[in-house]
Structure formats: C-alpha cells, structure tokens
Amino acid sequence: MCGIIGVVASTPVNQLLYDGLMVLQHRGQDAAGISTAEGSTFHMHKGPGLVRDVFRTRNMRALPGNWGIAHCRYPTAGSAYNFAEAQPFYVNSPFGLMLAHNGNLTNAEELKQQLFKLDLRHINTNSDSEVLLNVLAHELQRAARGTVLDQDAIFTAVRGVHKRVRGAYAVVVMIAGYGLLAFRDPFGIRPLVLGKNVTPEGNEWMLASESVPLDTLGFERVDDAAPGEAVFVDLDRNMVRKQCAETHALSPCLFEYVYLARPDSMLDDVSVYETRLRMGEALAAKVRKIIDPAEIDVVIPIPDSSRPAALQMAQALGIPFREGFVKNRYIGRTFIMPGQSTRKKSVRQKLNTVGQEFAGKNVMLVDDSIVRGTTSHEIVEMARAAGAKKVYFASASPPVRFPNVYGIDMPTRGELIATGRTDAQIAALIGADELVYQDLEALEESVRACNPNITGFDASCFTGNYITGDVDAAYLDAIEQSRNQKPAAQQNASEDDDEAGNTAQQIEMFVRRPGQE
Ligand SMILES: O=P(O)(O)OC[C@H]1O[C@H](OP(=O)(O)OP(=O)(O)O)[C@H](O)[C@@H]1O
Ligand SMILES: NC(=O)CC[C@H](N)C(=O)O
Ligand SMILES: [Mg+2]
C-alpha cells in the first residue's frame, strides 16, 4: 500500500499534488515523489522520507505544469531506504512515460526475465514497479501505430499489461504529450478513486488511492475505477474510461478497511469509518460469547486505527469508552516502519498511558489487527504497569496467519504472531488474560453491508487463499528464503537495515555480455 495521485488541471498542480500526498502519508512513509509536465517535458523530484521532508520550496518551484502524478512509498519489493526505488519511475521510450504504482506484482521475477531476454529492456532496480512500467512501455510500443498514439492504442496496451502482469496494481502514468493514464488490476485489489473539479475553464480530473485528497482539494468523488478498467485524461482534459480486462471481479483488499485506509475515505463506495463502526458492533457480539461484559470496567482503543471499532464496541456492550493511551502525534504509523526494533521502540515513543483509566480496573483493549504482535505485547505490558487488574484484548480482524503478497509488507509466516498458534497461545504471548478475535464472516459482512456489490475480497492474510491464482507454497517459500537471506550489499548494515532490505522477492539483475544469447 502506497499512496498515488494523478491530476490534470487548468492551473499548476505542484501544490495540489503535495497537499494530496500529505493526506495520503499514512499509506507510505519511506519515500515520496512528484512529477509534473509542462508541454511534453517532465519535471520530477523524489527522495527518501516523509513528504514534508522531501520537498523544499526550491523543489516545488522546479515542478511547473498543469498535470502530474505523485507517490508516497511503503516498500514491498526491493529495499526500504533505497532512493533508487522511490517513485515515480521514468522511461524515455516510447513517448516518455512516468509511472507511480500502488500494489505488488507476483510475477515480477518472470517478467523481468522476459523484459530482458525478449523485449530487450534493462531493469535497473529491484522494484516491481519498474518492471510494471517497462511492461507497459513495451505494450504501448506494440500498440502504437507508427509514431502516433491514440486512445485505442493506449487501451490496447493496458489490455496487454493485464495479460502479462499478475498481482495487485493501481497505477497512474503520464504519457508525454498525450495525457494521464490510470488503471487498476482485474481484481481491484488496491483502490483507485476518480474525482472531478468543475471550473469555468472546464473539468479537472484527479485519480487517487483514497477519496481524502479529493475532499481536501475540492474535487467531487465521481466513482471508483472498476477492476481492470483504464481511465485516460488527455491534455484538453477530456476523460474516457474503458474496461481492458477480459475477466474482472471486484475483490478489494479487506485490510484496506481494517487498517490501511483513513477512516474518512470512501473506497469502492464504502465509507471506511462506517465499516469500522460495524466491525466494532460485530466484535461486541463476539466478546459477549466469551467474556461477561459485567467483568469489563472500561473499553480502551489503541490509537489510531482502532478508534471507531472500539467506540462502537463499547456502546454496544454498554461499557464506558475511555482514551487510556495518548498518542504522540509526531510519530508515524508503527506497522509500516521498516525494521522490528524500530517498530518496537516506536510503540513506546508513540503511546503513553493515562494512569487513572487503568488503576484497579479490568480493561478491554481494542485494536484493529494484531500482525507481528509488536503493538499488542507492548501495550498489554503498559496497561499492567499502569495498574490494570485484568487486561482483555480484542482484535477487530481475525488472526493474520498468512503472508500478504499484494502490497502489504508481511511476506513471511515466521514473523506473524498468529501463524501456527492457537488464540490461547497468542494471548499468552502478548500477556493478555483473554483474547477475542473477530470472525472473518463478520468482518466481511461489515464491509459488504456498505456495498453489496462487493462479492469477494482479497482476504489472503486471514485465509491463505490468493485470488490471483498464481501464488502457491513454492512461491511463498521463495519469498521467505529471499527475505531471510542477507544480501551481500547489506553485510555491514545494521540489524534494522538488514530486515528492512529485501522486503519481498529479490528480482535478479541481468547484465547482457557480448556473445550471450
Ligand atoms: O501487531 P503489529 O505488528 O504491531 O501490527 C498491528 C498494529 O499496527 C498498526 O498500528 P500503527 O501504529 O501502524 O498505526 P495506527 O496509528 O494507524 O493505528 C495497527 O493499527 C495495529 O495497532
Ligand atoms: N506498497 C506498495 O504499494 C509498494 C509499491 C512497490 N511494490 C514498491 O515496493 O515500491
Ligand atoms: Mg494501531
């Protein structure tokens, strides 16, 4: 999950893209980048770190033009802290392309080999997004009639991409001299929302990972890009949409609703806030089956993401809701930080207890999810240190037992606290007196109740069922192996750097030598 934005406007877009990235920061804290175009010349600035740290006034001034794209990165392929893998990515042929990608490809290694051997394209990083850009470039080259590109050729190229690429991808691409192209994978795993701003100069168009940038930048939410669909906005700001996948089915990532997205976003016509309230309602029903509500003195959320669920759960159980943890607003999201010791330290820096909410009480702590158990373990300890009598813990989502290969950095079973453990064993590990997990059906229903057209989900981290059909045990083993291998380049790196690197499959670099096939 990264944050992406693309916009075609009637006035300069640099500030618009910066402000949009600021409200998508929760989707990626590792690197950020903006590219704009004036005529057919691209301008770009990108770098490691948070949006506010990457862009200085001089960088903003160097981003002229009325259309552009932006990205904030949460790495799932290649390495964290690797500037070369920051996005957008550029390729000069055909026409000049600039791409930003949210998601993760599951056949990147195979594609990289094809690109090198058949398409004669060199991939210079371990980023799957660079692979995706080059596949698109190759397909555009094939589809273009001579030196001219028309809409049919663009949509044909996207069709070609869907045929070759597997995995999750929501993408915005600038085609120099032509316009902004955006598309979503045939399962719609990662979100992509379309918005419009009506101005006296005509319509302006924006595509973004979530609807929050549309709200904050004065765009009206029009629709979501459909799974498999491509949206093209030309430089006169005419917008066309076309389904480019032979088969498609809306199966968004369930974890977007649980944790990734901001609660004030609408994704696939679903209010993230409303689903989280529903998750809390359903969790309350599950808690009742396991713990007598009279035994619980207070319900306490673990800020931030669990707040709506905890609030609704407390209300449904008739138990006071209290803010027992205060969050340091200057610390980012812990889960998406690279490196386990950074994550662990950050939980302590980020959250502190309000003593009177714990002293002598039986507390019910609520979180949206337990993944590695970093947060829950620290939090239970802090609750006890603050004097809690009993510490119950409830998770608004089911146990996360399987790796995610579609754009969330949880690629190995070994690091997931729930893999191979019973609820009681997990409770013992995090130190809770009782642990209650949401049932998967209830979680799915919490989302589907807001949009009955969603028939399926990518719920792979809960079920081990990978909807793209190409992820098997051998694939997962290879990722684990590659993750556990220490890359030579990182021999001298710190433990954190080591873990941060190689976050998913390593894509081998190819070098063509004279005489080689
Ligand atoms: O079991 P773990 O591996 O610790 O992961 C799960 C935790 O990480 C996330 O919080 P995070 O601090 O990232 O963000 P938030 O402030 O949005 O809750 C999530 O909300 C859980 O609290
Ligand atoms: N989380 C994402 O969307 C990551 C995008 C891409 N796979 C990268 O690692 O840079
Ligand atoms: Mg959290």
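Basis of the calculations
Residues numbered from 1 in each chain as written. Chains lettered and ligands numbered in written order. Predicted model: local features only at pLDDT ≥ 70, side-chain atom pairs only at ≥ 80, totals over all residues. UniProt positions renumbered as here; feature names shortened; annotations may be inferred. Helix = DSSP H or I, 4+ residues; strand = E, 2+ residues; numbered from the N terminus. Contact = placed C-beta atoms within 7 Å. Near = placed C-beta within 6 Å. Nonpolar A, V, L, I, M, F, W, Y, C, P; charged D, E, K, R; others polar. Pairing = 2+ DSSP bridges. Axes fitted to C-alpha atoms, helices over the stretch in contact; angles between N-to-C directions. Core = buried A, V, L, I, M, F, W, Y, C linked by C-beta atoms within 7 Å. Buried ≥ 20, exposed ≤ 12 C-beta atoms within 10 Å, placed from the backbone. Domains from an automatic or database assignment.

- An unreviewed UniProt entry annotates the protein chain as Amidophosphoribosyltransferase of Fluviibacter phosphoraccumulans.
- Recorded under Catalytic activity (unreviewed entry), the UniProt text for the protein chain is reproduced unchanged: "5-phospho-beta-D-ribosylamine + L-glutamate + diphosphate = 5-phospho-alpha-D-ribose 1-diphosphate + L-glutamine + H2O".

Observations regarding the UniProt feature "binding site: Mg(2+)" (unreviewed entry) in the protein chain
Right, so step 1: The positions that UniProt labels "binding site: Mg(2+)" (unreviewed entry) are, in the present scheme, Ser305, Asp367 and Asp368. Their sequence span is 64 residues, while the largest C-alpha to C-alpha distance among them is just 7.4 Å; these annotated residues converge on one region.
Right, so step 2: Among the structural elements, Ser305 can be located in the loop between β16 (298–301) and α10 (307–317).
Right, so step 3: Of note, Asp368 is situated in the loop between β19 (362–367) and α12 (374–385).
Right, so step 4: Those residues in contact with Asp368 that lie beyond four places of it in its chain are Val258, Tyr259, Ser305, Ser306, Ala309, Ala396 and Ser397.

Notes on the site of ligand 1
Right, so step 1: Close to ligand 1 lie 19 residues; Arg333, Thr334, Phe335, Arg372 and Thr375 are nearest.
Right, so step 2: The element that contributes the greatest number of residues to the shell around ligand 1 is α12, accounting for three residues.
Right, so step 3: For the shell around ligand 1, a count of residues per class yields seven nonpolar, seven polar and five charged.

Some remarks on the sheet that holds strand β4 (residues 67–73)
Right, so step 1: Strand order in this open sheet of seven strands is β3-β2-β4-β1-β10-β9-β11, and the pairing throughout is antiparallel. The sheet is open, and its two edges are formed by β3 (41–48) and β11 (220–224), each paired on a single side. In this sheet, neighbouring strand axes are inclined to one another by 15° on average, regardless of whether the strands run parallel or antiparallel.
Right, so step 2: In this sheet, β4 lies alongside strand β2 (residues 31–38) in antiparallel orientation, the contact comprising seven bridges.

Points about the nonpolar core
Nonpolar side chains in soluble globular proteins tend to end up buried together.
Right, so step 1: In this structure, Ile5, Leu136 and Leu365 are the most contacted members of the largest nonpolar core, which totals 169 residues.
Right, so step 2: Considering every element that reaches this core, the biggest residue donor is strand β7 (residues 167–175), with eight residues.
Right, so step 3: Both domains that furnish three or more residues to this core are identified here as domain 1 (3–249) and domain 2 (271–454).
Right, so step 4: Residues contacting Ile5, with those up to four places away along its chain left out, are Leu17, Gly20, Leu21, Leu24, Ile69, Ala70, Val172, Met206, Ala208 and Pro213.

Quick look at the domain arrangement of the protein chain
Right, so step 1: Assigned domains within the protein chain: domain 1 (3–249) and domain 2 (271–454).
Right, so step 2: When each unit is reduced to the centre of its C-alpha atoms, the spacing between domain 1 and domain 2 is 34 Å.
Right, so step 3: Contacts between domain 1 and domain 2 engage 15 residues on the former and ten residues on the latter.
Right, so step 4: No other element matches strand β6 (residues 97–105), which puts three residues into the side of domain 1 that touches domain 2.
Right, so step 5: Residues of the side of domain 1 that touches domain 2, tallied by class, amount to five nonpolar, eight polar and two charged.

As for the pairing of β6
Right, so step 1: Counting buried residues along β6, nine of its nine residues qualify, which places the element largely inside the surrounding structure.
Right, so step 2: Direction of pairing for strand β5 (residues 89–91) relative to β6: antiparallel, over a ladder of three bridges. By the bridge assignment for β6, Phe89 is matched with Leu99.
Right, so step 3: Hairpin connection, β5 to β6: the antiparallel pair is bridged by five residues, and Phe95 has positive phi, about 70°.
Right, so step 4: Across nine bridges, the pairing between β6 and β7 is antiparallel. Note that in β7 the partner of Leu97 across the bridge is Ile175.

What to know about the site of ligand 2
Right, so step 1: Close contacts around ligand 2 come from 17 residues, with Cys2, Pro75, Ala77, Asn102 and Gly407 the closest.
Right, so step 2: When contributions to the shell around ligand 2 are tallied by element, the ones reaching two or more residues are β6 and α5 (128–143).
Right, so step 3: At four residues, the largest contribution of residues to the shell around ligand 2 is made by β6.
Right, so step 4: Along the lines of polarity and charge, the residues of the shell around ligand 2 split into five nonpolar, nine polar and three charged.

With respect to the pairing of strand β10 (residues 202–208)
Right, so step 1: Of all seven residues that make up β10, five are buried, and the element is covered over most of its length.
Right, so step 2: The pairing of strand β1 (residues 3–8) with β10 spans four bridges and is classified as antiparallel. Note that in β10 the partner of Gly6 across the bridge is Leu207.
Right, so step 3: Across seven bridges, the pairing between strand β9 (residues 193–199) and β10 is antiparallel. Bridge pairing in β10 links Asn197 to Glu204.
Right, so step 4: Here β9 hands over to β10 after two residues, the two strands then running antiparallel side by side.

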